[in-house]
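Structure at a glance
Letter by letter, the chains look like this.
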Amino acid sequence: MRIFLAGHSGMVGSAIARQLSARDVDEVLTRTHDQLDLTNQAATATFFADESPDVVILAAARVGGILANNDFPADFIYDNLMIEANVIHQAFANGVTRLLNLGSSCIYPRDAAQPMREDALLTGPLELTNEPYAIAKIAAIKLCESYNRQYGVDYRSVMPTNLYGPGDNFDPIKSHVLPGLMQRFHYAAQADAEVVEVWGSGTPRREFLHVDDMAAASLHVLNLPKANWDDATDPRSAFLNVGTGHDISIAELATMLAEVTGFEGRIAFDARKPDGTPRKLLNVSRLAELGWTSKIGLREGIAQTYDWYQKNVA
Ligand code: GDP
């Protein structure tokens, strides 16, 4: 099988690449951003025509934390719409019958009932801090569903909760909360600082999934037989949540990161920074029924990620 892994150098793409190479049965096609700009329609069309992959895994996206989404909304919506429209359409136009599209749990309404089920999609207004990104990710699900309906292809989507792990972006401003705080606590512990600032009130609750679990779930879903996978009650909803089924508050996460990094000072909350959505926990029972549950516990995953961070980033 020739698999085009779009976004192979990102956090999720590189975790999927590790698992594909350990399995060693497929030929994996990759292109760096410099070699192929997936926002460019002509370049993407030429690539698909030249390489004719059998299967596509779409892990390429512009991603970032709450402030990056707030500050660069045009980049988040434009780049993601272009990448997904180009890749999904060119996959179809070049005979790809199986594709896996990676999305995000921010597709769900801000006030969706928790834990959020797949059928909560498009039932209410989105969280405003990442609405442009979420709209692009909803469009990708709908692209897949529409090509399935109109052309009978098998394009599936997975919607992961907040991901973390090796290869994450630890930038103090643009990153997501877990890597952002890991770096902040690390430097504070090294410097014996008295206080670390955590954004917002500390009360929002989030669910965190290790990227190696996400990679395993992605390959599990890609390989599910079709009959098993379609929801008989709604043939359009060809997407699945991926998470752990457990959430913790940002304050609890901060305490855990302080312990792992050895920070012994005080934790302060900066109420001028946005909290975002109050709670984001996925209902993962559909994927569990289809045979996959997460394996890596949060404390274990954070310790492993901190080890990687110290060796590769710090
Ligand atoms: P979200 O899950 O889309 O809201 O994205 P984030 O991972 O960026 O933020 C999650 C929550 O963590 C929000 O309530 C943030 O205010 C809070 N948070 C606390 N400290 C930080 C930090 O240093 N960086 C980020 N990105 N979020 C933080």
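Overview of the structure. What you see is a predicted model; the values in this text were computed from it and never measured.

1. Considerations on the site of the ligand
- Neighbouring the ligand are 17 residues, the closest being Ser175, Arg184, Arg206, Pro274 and Asp275.
- Here an oxygen atom of the ligand sits 2.5 Å away from a polar atom, N or O, in the side chain of Arg184.
- At a separation of 2.6 Å, an oxygen atom of the ligand approaches a polar backbone atom of Pro274.
- Within the residue set of the shell around the ligand, elements represented by two or more residues are α6 (177-190) and β7 (195-199).
- A total of 3 residues in the shell around the ligand trace back to one element, the largest contributor, which is α6.
- Classifying every residue of the shell around the ligand by side-chain character gives 8 nonpolar, 5 polar and 4 charged.

2. What to know about the packing of aromatic side chains
- Under the criterion given, the structure shown has 11 aromatic pairs.
- Between Phe76 and Tyr133, the ring centres sit 6.2 Å apart and the planes meet at 80°, which makes this aromatic pair edge-to-face. Here Tyr133 lies in helix α5 (residues 131-151) and Phe76 lies in helix α4 (residues 73-93), a separation of 57 residues in the sequence. The same class applies to Phe76 and to Tyr133, which are both buried.
- Taking the centre distance of 6.2 Å and the plane angle of 15° together, the rings of Tyr306 and Tyr309 count as stacked.

Cut-offs and rules
Residues numbered from 1 in each chain as written. Predicted model: local features only at pLDDT ≥ 70, side-chain atom pairs only at ≥ 80, totals over all residues. Heavy atoms only, no water. Near = heavy atom within 4 Å. Polar contact = N/O pair within 3.5 Å; in protein donor to acceptor, adjacent residues only side chain to side chain. Helix = DSSP H or I, 4+ residues; strand = E, 2+ residues; numbered from the N terminus. Nonpolar A, V, L, I, M, F, W, Y, C, P; charged D, E, K, R; others polar. Phe/Tyr/Trp six-rings, centres within 6.5 Å; stacked < 30°, edge-to-face > 60°. Buried < 20%, exposed > 50% of the residue type's maximum accessible area, 1.4 Å probe, protein only.

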